[in-house]
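# Commentary on secondary and tertiary structure
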Amino acid sequence: MPADAERVLNYWHGGLSEVPDEVWRHPALEVLLLPDNALTRLPARIGTLTALHTLDLGHNRLASVPPELGDLTGLSRFLYLHDNDLASLPESLGGLTRLGYLNVGENRLAALPHALGSLTALVELRAQHNHLTALPASLGGLTALRELWLRGNRLSAFPATFRRLRQLRELELRENEFTAVPDALRDLPLLRRVDLRANRLRELPYWIAELPSLEKLDLRWNDVHVPDELLRRLEGRGCVVLG
């Protein structure tokens, strides 16, 4: 049932197959929660709710989202699109320049839109469990990004622009296809946690011990050799190495 309908509408787990008509009667709506339903389409009218700062469409059956989603320039907190059936995202999402959190995990995405790099306020991006084989070079524009979750994709390299993510603290790369630690990481001074479990790593570069903020490096389920000297350097400066 809707709650505080002037500003918040909550239809969580409501058995809905379409967006209720009531939504469109609240142009000043700030929070719209529609997770855990059976939505198969999102009307273009969604773009008229320009006061929204939070939109949750997770755990539905959406095969696409309309370009008008990018008209929600007031979105500043959360946009959840995870656990749907999305094969692509519109370039219009680049209009969400105030957005702080974006979750597009558990879909069928083979690529992220180039316009994603325009989301300069983004602090956390989750794109886990998709079909990504590469990341757009524009990703380097996410200069406020602190957490990046990419588990369960098909990534084996990063674009050179990745080194611009100098605010990054958390990087999850579990269950990808990396054969080497991405060289772009060596320019990330605030990086604290790197999860590389279940990749195809064979060796560890010595420069990884020079990352000034590294606290945890997870290498489990790789056939990787860590030289004793490198391990001592990492552990000696307080970094936990799991392998």
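Our subject is the structure listed above.
In this text, all values refer to a predicted model and were calculated from it rather than measured experimentally.

What follows deals with the overall build of the chain. Looking only at helices and strands, the chain has one helix and 11 strands in total. Along its sequence from the N terminus, the chain presents helices and strands in the succession β-β-β-β-β-β-β-β-β-β-α-β. Its C-alpha atoms give the chain a radius of gyration of 20 Å, within 12% of the compact-globule value 18 Å for 243 residues. Over its C-alpha atoms, taken along the principal directions, the chain stretches across nearly 65 × 30 × 25 Å. Within the chain, buried positions represent 52% of all 243 residues. Partitioning the contacts of the chain with sequence separation of at least 6, the portion at a separation of at least 24 is 28%. Accessible surface for the chain amounts to roughly 10,900 Å². Of this, 48% is attributable to carbon and sulfur atoms. Looking at the chain, you have 28 positive and 31 negative side-chain charges, and the mean spots of the two groups are 3 Å apart.

Here 11 strands make up an open sheet; going across it, the order is 1-2-3-4-5-6-7-8-9-10-11 and the pairing parallel. Two strands in the sheet have a free side with no partner beyond their single neighbour: strand 1 (8-10) and strand 11 (240-242). Adjacent strand axes in the sheet meet at a mean angle of 5° when their direction is disregarded. In the sheet, strand 1 pairs with strand 2 (residues 31-33) via three bridges, with the strands oriented parallel.

Looking now at the pattern of salt bridges. Tallying each qualifying case throughout the model produces 15 salt bridges. With its nearest N and O atoms 3.6 Å apart, the salt bridge here joins Glu30 to Arg7. A residue pair is termed long-range when its members are at least 10 positions apart, and Glu30 in the loop between strand 1 and strand 2 and Arg7 in the segment before strand 1 qualify at 23 residues. Relative accessible area serves as the criterion here: at 40%, Arg7 is assigned to the partly exposed category. Residues Glu175 and Arg174 are paired through a salt bridge, measuring 3.4 Å at the closest nitrogen-oxygen approach. Residue Glu175 is classed as partly exposed on the basis of its relative accessible area, which comes to 28%. Within the structure, one salt-bridge network assembled from shared partners comprises Glu170, Arg192, Arg193, Asp195, Arg197, Asp218 and Arg220.

This paragraph deals with the packing of aromatic side chains. Two numbers describe a pair of aromatic rings. These are the distance of the centres and the angle of the planes. Counted by the stated rule, this structure contains five aromatic pairs. Pairing Tyr80 with Tyr101 gives two aromatic rings, centres 5.2 Å apart and planes at 50°, and the pair type is tilted. Placement of Tyr80 in strand 4 (residues 78-80) and of Tyr101 in strand 5 (residues 101-103) is noted, with a sequence separation of 21 residues between them. Given a relative accessible area of 12%, Tyr101 falls into the buried group. Summarising the aromatic geometry, the rings of Phe158 and Phe162 are spaced 4.0 Å apart at their centres and angled 10° between planes, so their arrangement reads as stacked. Across the pair, exposure class does not vary: Phe158 and Phe162 are buried alike. Cation over ring: Arg126 sits above Trp149, and NZ or CZ is 4.2 Å from the ring centre. The side chain of Arg220 reaches across the aromatic face of Trp221, ending 5.3 Å from its centre.

A separate point is the environment of Val241. By secondary structure assignment, the location of Val241 is in strand 11. The exposure class assigned to Val241 is buried, which follows from its relative accessible area of 16%.

Leu32 and Phe162 are the most contacted members of the largest nonpolar core, which has 74 residues in total. When neighbours within four sequence positions are excluded, Phe162 is seen to be in contact with Leu139, Leu148, Leu168, Leu171, Ala184, Leu185 and Leu188.

Moving on: the side chain of Asp218. Of note, Asp218 is situated in strand 10 (residues 216-218). By relative accessible area, which is 2% here, Asp218 ends up buried. The contact partners of Asp218, leaving out residues within four places of it in the chain, are Val194, Asp195, Leu196, Arg197 and Leu242.

What counts as what
- Residues numbered from 1 in each chain as written.
- Predicted model: local features only at pLDDT ≥ 70, side-chain atom pairs only at ≥ 80, totals over all residues.
- Heavy atoms only, no water.
- Helix = DSSP H or I, 4+ residues; strand = E, 2+ residues; numbered from the N terminus.
- Rg over C-alpha atoms; globule rule 2.2 N^0.38 Å.
- Buried < 20%, exposed > 50% of the residue type's maximum accessible area, 1.4 Å probe, protein only.
- Contact = heavy atoms within 4.5 Å.
- Areas by Shrake-Rupley, 256 points an atom, 1.4 Å probe, with all protein chains shown as cover.
- Lys, Arg positive; Asp, Glu negative; His and termini not counted.
- Charge placed at Lys NZ, Arg CZ, Asp CG, Glu CD.
- Pairing = 2+ DSSP bridges.
- Axes fitted to C-alpha atoms, helices over the stretch in contact; angles between N-to-C directions.
- Salt bridge = Lys/Arg side-chain N within 4 Å of Asp/Glu carboxyl O.
- Phe/Tyr/Trp six-rings, centres within 6.5 Å; stacked < 30°, edge-to-face > 60°.
- Lys NZ or Arg CZ within 6 Å of the ring centre and 35° of its normal.
- Core = buried A, V, L, I, M, F, W, Y, C linked by side-chain atoms within 4.5 Å.

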